[in-house]
Amino acid sequence: QVQLVESGGGLVQAGGSLRLSCAASGRTFSNYAMGWFRQAPGKEREFVATISRSGGSTIFADSVKGRFTISRDNAKNVVYLQMNSLKPEDTAVYFCAARGVRYGLGSRSLNEYDYWGQGTQVTVSS
C-alpha cells in the first residue's frame, strides 16, 4: 500500500506561481509512475501531468503545457508540481496519484491509478 499526502495549495493571484508537493510512504516510491489530477466544482476530475517512475518521461495536459512542470525526487519520496503563470481556470482541488507497480510510465486516465491523496486546494484570483 502507498499513502500520499499533498501540500502547497493556497490562494494566489493570476499570473503567480505555486509549487505543490506530494509525499509518499508505505512502499518504495520509485516503483510508481506518478500523476497530478485536478477537479473544479461541478466538473469531473481531469488529467494535469504525469511522470515516469524514473523521472525521464513527462506528459502534460494541453491546458497547462508550457506553464506547469512535474518533477520527482525518489530519494525523498516526493513528487512536485510547479505551477507558473496561473489562471483563474486553474482553480481546483489538486490530487496526487500513484500508478500500479506494473507500469513504469504514467497515464492520462485516472482509472489507471491505484493510490490517491486527499487533495490540496488551489485558488487563483482574477
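Residues numbered from 1 in each chain as written. Predicted model: local features only at pLDDT ≥ 70, side-chain atom pairs only at ≥ 80, totals over all residues. Heavy atoms only, no water.

Membership of the largest hydrophobic core comes to 34 residues, with the highest contact counts inside it found for Met34, Trp36, Leu81 and Tyr94. Elements represented by at least two residues in this core include exactly β3 (18-25), β4 (34-39), β5 (46-51), β7 (68-73), β8 (78-83), β9 (92-99), β10 (113-116) and β11 (120-125). Examining the composition of this core, we find that five residues originate from one element, β9, more than from any other. Here Leu81 is in contact with Leu18, Arg19, Leu20, Trp36, Val48, Ala49, Phe68, Thr69, Ile70 and Tyr94, once residues within four sequence places are set aside. (Core = buried A, V, L, I, M, F, W, Y, C linked by side-chain atoms within 4.5 Å. Buried < 20%, exposed > 50% of the residue type's maximum accessible area, 1.4 Å probe, protein only. Helix = DSSP H or I, 4+ residues; strand = E, 2+ residues; numbered from the N terminus. Contact = heavy atoms within 4.5 Å.)

All right, on to the state of the cysteines then. One way to say it: the disulfide is the covalent bond shared by the sulfur atoms of two cysteines. Tallying each qualifying case throughout the model produces one disulfide. Here Cys22 pairs with Cys96 through a disulfide, and the sulfurs are 2.1 Å apart. Measuring handedness by torsion sign, the sulfur bridge of Cys22 and Cys96 sits at about -80° and is left-handed. Of this pair, Cys22 sits in strand β3 while Cys96 sits in strand β9, and the two are 74 residues apart along the sequence. In this structure, Cys22 and Cys96 share a single accessibility class: buried. (Disulfide = S-S within 2.5 Å.)

Quick look at the environment of Val12 now. By the element assignment, Val12 lies in strand β2 (residues 10-13). Beyond its immediate stretch of four places on either side in the chain, Val12 contacts Ser17, Leu18, Leu86, Thr123, Val124 and Ser125.

With burial as the criterion, only one face of β7 is covered, namely that bearing Phe68, Ile70 and Arg72; the residues Thr69, Ser71 and Asp73 on the opposite face remain uncovered. With six bridges connecting them, β7 and β8 associate as antiparallel partners. Bridge pairing links Ser71 to Tyr80 in β8. (Pairing = 2+ DSSP bridges.)

Bringing the side chain of Arg67 into the picture now. Mapped onto the elements of the fold, Arg67 is located in the loop between β6 (58-60) and β7. In this structure the side chain of Arg67 is engaged in a polar contact, spanning 2.7 Å, whose partner is the side chain of Asp90. (Polar contact = N/O pair within 3.5 Å; in protein donor to acceptor, adjacent residues only side chain to side chain.)

Spatial ordering of the open sheet is given by β1-β3-β8-β7, a layout of four strands whose pairing is antiparallel. Only two strands of the sheet have a single partner each, and these edge strands are β1 (3-7) and β7. Strand-to-strand twist of the sheet, defined as the mean angle between neighbouring strand axes without regard to direction, takes the value 15°. (Axes fitted to C-alpha atoms, helices over the stretch in contact; angles between N-to-C directions.)

With that out of the way, let us pick up the pattern of salt bridges. Summed over all chains, the structure comprises four salt bridges. Close ionic contact of Arg38 with Glu46 constitutes a salt bridge, the shortest N to O distance being 2.7 Å. One network of salt bridges, in which partners are shared, links Arg38, Glu46, Arg67 and Asp90. (Salt bridge = Lys/Arg side-chain N within 4 Å of Asp/Glu carboxyl O.)

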